[in-house]
Amino acid sequence: MSGEPLLSVRDLVVEFSTERGVVRAVDRVSFDVHPNETVGLVGESGCGKTVTGLSILGLIPSPPGRIAAGSIRFQGRELVGLPESEFRRIRGQDIAMIFQEPMTALNPVFTVGNQMIDVLRRYRGLTRRQARGAAIELLAKVGIPAPEARIDEYPHQLSGGMRQRVVIAMALSCDPKLIVADEPTTALDVTTQAQVLEQMVILQREFHMAMILVTHDLGVVAETCHRAIVMYCGRIAEKAEIGPLFEHPRHPYTVGLLESIPRVGEHEKEDLAVIPGMVPDLLHLPPGCRFADRCRRRQPRCDEALPELDGREDDRSRVACYFPAEPPT
Amino acid sequence: MTVLLEVRNLQKHFPVRGGLLRRIVAHVRAVDGVSFTLESGRTLGLVGESGCGKSTLGRAILQLQRPTGGEVVLEGTELTTLGPRRLLEMRREMQIIFQDPFASLSPRRTVAQTIREPLDVHGIGSASERDGKVEELLQVVGMRPQVMDRYPHEFSGGQRQRIGIARALALNPKLIVADEPVSALDVSVRAQVLNLIAKLQREHGIAFLFISHDLSVVEHVSDHVGVMYLGKLVEMAPAKEIYRDPRHPYTQALLSAVPSTSAARR
Ligand SMILES: Nc1ncnc2c1ncn2[C@@H]1O[C@H](COP(=O)(O)OP(=O)(O)OP(=O)(O)O)[C@@H](O)[C@H]1O
Ligand SMILES: Nc1ncnc2c1ncn2[C@@H]1O[C@H](COP(=O)(O)OP(=O)(O)OP(=O)(O)O)[C@@H](O)[C@H]1O
Ligand code: SF4
Ligand SMILES: [Mg+2]
Ligand SMILES: [Mg+2]
């Protein structure tokens, strides 16, 4: 990618202090996101995807959490250490987040409409009447049937997938430059998912919006992202452009991930391929590679020191592994 | 195989209020006359568009929301007319894994307390046996015993989902309604959990009503698949057949919209 990145994360470290000790949920993570670009963020449950996303919006609950080191620059401006009042402005207008669990983002005592109208009036300066019209339009765009009636319902009256779409509509409502979408379509059936993703891509083109898409659905990554970052246990294991990543995964964890996907049309009620073992406990991390216990390619060297990402940030493909699978030449 | 669950013409309608006086102006027929049977040890996969009534059907079967009409018979007992005490007894045999794990876990309870709760309510085992069971269940869902004293907000989305699964398994129920149980899990952990469900099913004969929008997952775990559309079951067939030869136009549309990793290989 050429040109200035919109977002530039460098050596980000996020820690939580717990009764049992300090948990390092994100450990020296670096990546860039360019305007118009969609970057997929995938990886084992608990590997730090949501925490990475929350850091960008200044939403790490503190205490117990804190950004212990690193930098997050958005349009050249440093976000780490920014006061909450400044962040609030950025969250409304520049960066929006779609939360993994929709009920955390919705207020149960207000109707959907009131919540959306509030946001639209505050950030777009619309009158109540205009805002209501705009809200209905947004709900229609994310495929909510009968939006003029649904707008007056409370969150508990909606199905899981409708709530998720309301949250998406709210995030889109202020035309952000960057959207951090945390599992935005997990609660949606495939036809609705396709519709919502398509709508997001259209809006992205229209507004030159960039997107970080956190998802477990590798099919969605393949269809919507330009690049992907694979995380494991707080670290980046591999990042690459989509084609090469799926065709020639290099990190043994990425290889295992791709092998675990069940495919439609191969009905077998037998065991799925899994990556054996469990992620290490964040409080008792080994000195060497964190994937070593589960790795087929492990050698003595892997247990000595943590592998770092090879190459440089603007390389097309980077991997943090001593013995990666090499792409055929 | 014995029939475990029989659902007959089940209905659940919600009032829609409108106007200044918030009068009831219409009803949403979220579940509108659904009938099927489920045998022990079998899995019925349930798919369908967002808002078509899947979660409502699951909740109405378990009487978490009382149905508007119809019957639900579990092991010969009709549930819709049961009083609260008998219903509590029956709850031992039927559990739910909720779609939104965050909303369903109490923020003030530790993991151990959450998973133990059904054991406590039904007075099962001694205190130390219950603790042992909690540890075992955590293991089963791929989590370490060290997490026992932690609270829900200290976990990632996928970890919370696994806590919900462990809780549902605690009583060894005969029926589990699993509402999007693996949607927040990465593919590898998801595969582990699905293999585990298959194993429990083989060993204990648990029956699952498995709600998921992920058609590959449904195909993998289900014996039969039901397709819901606007509150009704529009197609029901053995898993193999429905994928090979979908009949209903909505089923056909569903199957053609599955995103695939092969797109990246274009
Ligand atoms: N408030 C907190 N206190 C302590 N630990 C926390 C807290 N929030 C998150 N963590 C830990 O940080 C790690 C990363 O969590 P995060 O939510 O980023 O995972 P994730 O990659 O989004 O996973 P998932 O795919 O399951 O949502 C987890 O191990 C989690 O237990
Ligand atoms: N408590 C309620 N009050 C009013 N309407 C409700 C209530 N609960 C559900 N509904 C409505 O019933 C319909 C079915 O909702 P349900 O949650 O069962 O859908 P679903 O198939 O599970 O969808 P999803 O895939 O999005 O989770 C929706 O139109 C929803 O708005
Ligand atoms: S560094 Fe070694 S143990 Fe770690 S992923 Fe690479 S080969 Fe496996
Ligand atoms: Mg997460
Ligand atoms: Mg639902």
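Refer to the structure presented above.
Residues numbered from 1 in each chain as written. Chains lettered and ligands numbered in written order. Predicted model: local features only at pLDDT ≥ 70, side-chain atom pairs only at ≥ 80, totals over all residues. Heavy atoms only, no water.

## Digging into the interface of chain A and chain B
Point 1. In this assembly, 61 residues from chain A lie in contact with 62 residues from chain B.
Point 2. Taken over both partners, the interface formed by chain A and chain B buries close to 4900 Å², and the fraction arising from carbon and sulfur atoms is 55%.
Point 3. Our count for the contact surface shared by chain A and chain B stands at 1 salt bridge.
Point 4. E154 of chain B serves as the salt-bridge partner of R20 of chain A, at 3.6 Å between the closest nitrogen and oxygen.
Point 5. Taken together, the links from chain A to chain B amount to 6 residue pairs in polar contact (both at pLDDT 80 or more).
Point 6. If you list the elements that add at least two residues to the side of chain A that touches chain B, you get α3 (102–105), α7 (160–172), α8 (190–207), α9 (218–224), α10 (242–247) and α11 (252–259) of chain A.
Point 7. At 5 residues, α9 of chain A tops the list of elements feeding residues into the side of chain A that touches chain B.
Point 8. Broken down by class, the residue content of the side of chain A that touches chain B amounts to 23 nonpolar, 21 polar and 17 charged. (Contact = heavy atoms within 4.5 Å. Buried area = accessible area lost by both parts, 1.4 Å probe. Salt bridge = Lys/Arg side-chain N within 4 Å of Asp/Glu carboxyl O. Polar contact = N/O pair within 3.5 Å; in protein donor to acceptor, adjacent residues only side chain to side chain. Helix = DSSP H or I, 4+ residues; strand = E, 2+ residues; numbered from the N terminus. Nonpolar A, V, L, I, M, F, W, Y, C, P; charged D, E, K, R; others polar.)

## Examining the site of ligand 3
Point 1. Taken together, H251, P252, C289, F291, A292, C295, R297, C302, P307, C321, Y322 and F323 of chain A make up all the residues around ligand 3.
Point 2. Its residues placed into classes, the shell around ligand 3 shows 10 nonpolar, 1 polar and 1 charged. (Near = heavy atom within 4 Å.)

## Regarding the sheet that holds strand β3 (residues 43–48) of chain B
Residues and elements named next belong to chain B.
Point 1. Spatially, β6-β7-β8-β3-β9-β10 is the arrangement adopted by the 6 strands of the open sheet, whose pairing is mixed. Edge positions in the sheet fall to β6 (94–97) and β10 (232–238), since each of these pairs with one other strand and no more. Strand-to-strand twist in this sheet, taken as the mean axis angle between neighbours without regard to direction, amounts to 15 degrees.
Point 2. Summarising the sheet, β6 and strand β7 (residues 175–179) pair through 4 bridges and their orientation is parallel. Bridge pairing links Q95 to I176 in β7.
Point 3. On top of the sheet, helix α10 (residues 249–256) reaches β3, β9 (224–229) and β10; it is set at about 105 degrees to β9, its chief contact. (Pairing = 2+ DSSP bridges. Axes fitted to C-alpha atoms, helices over the stretch in contact; angles between N-to-C directions.)

## Thoughts on the site of ligand 2
Point 1. As a matter of local geometry, ligand 2 sits amid 20 residues, with Q157, S159 and G161 of chain A together with S50 and T56 of chain B nearest to it.
Point 2. Surrounding ligand 2 is a set of residues that belongs to chains A and B.
Point 3. The contact in question runs from an oxygen atom of ligand 2 to an N or O atom on the backbone of G161 of chain A, over 2.6 Å.
Point 4. Between an oxygen atom of ligand 2 and a side-chain N or O atom of S55 of chain B, the distance comes to 2.7 Å.
Point 5. When ligand 2 is considered free in solution it has 640 Å² of accessible area, and contact with the protein chains removes 94% of it. (Areas by Shrake-Rupley, 256 points an atom, 1.4 Å probe, with all protein chains shown as cover.)

## Some remarks on the sheet that holds strand β6 (residues 95–98) of chain A
Sheet strands line up and pair through hydrogen bonds in the backbone, either parallel or antiparallel.
All names here are of chain A.
Point 1. Across the sheet, which stays open at both edges, the 7 strands sit in the order β6-β7-β8-β3-β9-β10-β11 with mixed pairing between neighbours. The open sheet has two free edges, formed respectively by β6 and β11 (318–319), since each of these has just one partner strand.
Point 2. Bridge count for strand β10 (residues 235–241) against β11 is 2 bridges, and the pairing is antiparallel. Bridged to K239 within β11 is R318.

## Focus: the packing of helix α4 (residues 112–124) of chain A against helix α5 (residues 128–141) of chain A
Residues and elements named next belong to chain A.
Point 1. Put simply, α4 and α5 touch, their axes get as near as 9 Å, and they point 115 degrees apart. In terms of orientation, α4 and α5 fall into the roughly perpendicular class. Handedness of the crossing formed by α4 with α5: right-handed. Contacts from V112, N114, M116, I117, L120 and R121 in α4 reach R128, A131, R132, A134, A135, L138 and L139 in α5. (Parallel < 35°, antiparallel > 145°, perpendicular 65-115°, else oblique. Left-handed = near helix turned anticlockwise from the far one by under 90°.)

## Re unusual backbone geometry
All names here are of chain A.
Point 1. Residue P63 is bonded to the preceding S62 through a cis peptide linkage, with omega at -15 degrees.
Point 2. Topologically, P63 is positioned in the loop between α1 (49–56) and β4 (65–74).
Point 3. Cis geometry is adopted by the peptide bond preceding P64, which originates at P63 and carries an omega value of 10 degrees.
Point 4. Topologically, P64 is positioned in the loop between α1 and β4.
Point 5. Positive phi values are uncommon outside glycine, yet Q75 reaches one of about 50 degrees.
Point 6. Mapped onto the elements of the fold, Q75 is located in the loop between β4 and β5 (77–78).

## Focus on the packing of aromatic side chains
Point 1. Under the criterion given, the structure shown has 5 aromatic pairs over all chains.
Point 2. Ring geometry for Y229 of chain B versus Y250 of chain B: centroids 4.9 Å apart, planes at 40 degrees, classification tilted. Of this pair, Y229 of chain B sits in strand β9 while Y250 of chain B sits in helix α10; the two residues are 21 residues apart in sequence, bridging distant segments of the chain.
Point 3. For Y229 of chain B, a relative accessible area of 31% translates into the label partly exposed.
Point 4. Residue Y250 of chain B is classed as buried on the basis of its relative accessible area, which comes to 8%.
Point 5. Cluster of aromatic residues (ring-pair linked, three or more members): Y232, Y253 and F291 of chain A. (Phe/Tyr/Trp six-rings, centres within 6.5 Å; stacked < 30°, edge-to-face > 60°. Buried < 20%, exposed > 50% of the residue type's maximum accessible area, 1.4 Å probe, protein only.)

These figures come from the coordinates and say nothing about function on their own.
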